[in-house]
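The chain contents come next:
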Amino acid sequence: MPSNQPDQMRAILESVRTIALVGASEKTHRPSHEVMEFMQEHGYRVIPVNPRLAGQKLLGETVYADIASLPEPVDMVELFLAPERTDAVIDQAIELKVPVIWMQIGVINEVGAAKAEAAGLTVVMDKCPKQEISRQGIPAIGSDL
């Protein structure tokens, strides 16, 4: 069962530090770009993942083709993908033992979520971390609030 309760999401957002954002976009009007920028401003390290942009820079970070190509472990994989495109990323996250998979608003994959949870990963589905940070008043990482 996805960890979609406010206290569960708060605990996740207070514990993760490095996030792979799958489906990152260079287009500033796209939600994935806006969320990446917000999360960076809030103190998270956000590594963009998009095979089309691999090797380029986006908001100061190198873009990678997939999460298996990342040069370091991440605490969370955030999915900005059509639900039918999430299975391969979920499988990679399980293989890499990424602790959290967060599926954005509209990204619903019940089978993939159940598979990830059965492998011991925490899953949030159909939610936006940017909205949850704002809604719950979660302070920026490293702030004294």
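Quick summary incoming for the structure in this document. (Residues numbered from 1 in each chain as written. Predicted model: local features only at pLDDT ≥ 70, side-chain atom pairs only at ≥ 80, totals over all residues. Heavy atoms only, no water.)

Moving on, we get to the sheet that holds strand β5 (residues 76-79). As summarised here, the arrangement of the 5 strands in space is β2-β1-β5-β6-β7, forming an open sheet in which the pairing is parallel. Looking along the sheet, the strands with just one partner apiece sit at the ends: β2 (45-49) and β7 (122-124). Neighbour-to-neighbour, the strand axes of this sheet turn through a mean angle of 20 degrees, independent of strand direction. Pairing between strand β1 (residues 18-22) and β5: 4 bridges, direction parallel. The residue of β5 that forms the bridge with Leu21 is Glu78. Packing against the sheet, helix α1 (residues 6-15) makes contact with β5, β6 (100-103) and β7, and its axis sits at approximately 115 degrees to β6. Sitting on the sheet, helix α3 (residues 87-96) touches β1, β5 and β6, and the angle it makes with β5 is about 180 degrees. (Pairing = 2+ DSSP bridges. Helix = DSSP H or I, 4+ residues; strand = E, 2+ residues; numbered from the N terminus. Axes fitted to C-alpha atoms, helices over the stretch in contact; angles between N-to-C directions. Contact = heavy atoms within 4.5 Å.)

Moving on, we get to the side chain of Ser25. Tracing the backbone shows Ser25 in the loop between β1 and α2 (31-41). Overall, the relative accessible area of 6% leaves Ser25 in the buried class. Here Lys27 takes part through its backbone nitrogen, which lies 3.0 Å from a polar atom of the side chain of Ser25. Excluding its chain neighbours within four sequence positions, the residues that come into contact with Ser25 are Arg30, Ser32, His33, Leu53 and Leu58. (Buried < 20%, exposed > 50% of the residue type's maximum accessible area, 1.4 Å probe, protein only. Polar contact = N/O pair within 3.5 Å; in protein donor to acceptor, adjacent residues only side chain to side chain.)

Of all 5 residues making up β2, 4 are buried, and the element is well covered by its neighbours. In this fold, the crossover linking β1 to β2 by way of α2 has right-handed handedness. (Right-handed = clockwise from strand over helix to strand, strands pointing away.)

Here we take up the packing of α2 against helix α5 (residues 129-136). For the pair α2 and α5, interaxial distance at closest approach is 9 Å and the crossing angle is 45 degrees. Classified by the interaxial angle, the pair formed by α2 and α5 is oblique. Here α2 contributes Val35, Phe38 and Met39 to the contact with α5, which in turn contributes Pro129, Lys130, Ile133 and Ser134. Looking at side-chain class alone, the contact of α2 with α5 contains 5 nonpolar, 1 polar and 1 charged residues. (Parallel < 35°, antiparallel > 145°, perpendicular 65-115°, else oblique. Nonpolar A, V, L, I, M, F, W, Y, C, P; charged D, E, K, R; others polar.)

Below, the discussion takes up the side chain of Glu61. Along the chain, Glu61 turns up in strand β4 (residues 61-62). In this structure, Glu61 is in contact with Met36, Gln40, Arg45, Val46, Ile47, Pro48 and Gln56, ignoring residues within four places of it in sequence.

Once that is clear, we can look at unusual backbone geometry. Although it is not a glycine, Lys97 sits at a positive phi angle of roughly 60 degrees. With respect to the element layout, Lys97 can be found in the loop between α3 and β6. Although it is not a glycine, Asp126 sits at a positive phi angle of roughly 65 degrees. Positionally, Asp126 belongs in the loop between β7 and α5. For Asp126, a relative accessible area of 32% puts it in the partly exposed group.

What follows covers α2. Among all positions in α2, only Ser32, His33, Val35, Met36, Phe38 and Met39 are buried. At the exit of α2 stands Gly43, carrying a positive phi of roughly 105 degrees.

Residues of α5 that are buried: Pro129, Glu132, Ile133 and Gln136. The buried residues of α5 occupy an angular sector of 100 degrees when projected down its axis, which confines them to one face. Its buried side turned inward, α5 meets α1, α2, β5 and β6. Trailing α5 by a residue or two, Gly137 shows a phi angle of about 65 degrees, which is positive. (Arc of directions from axis to C-beta.)

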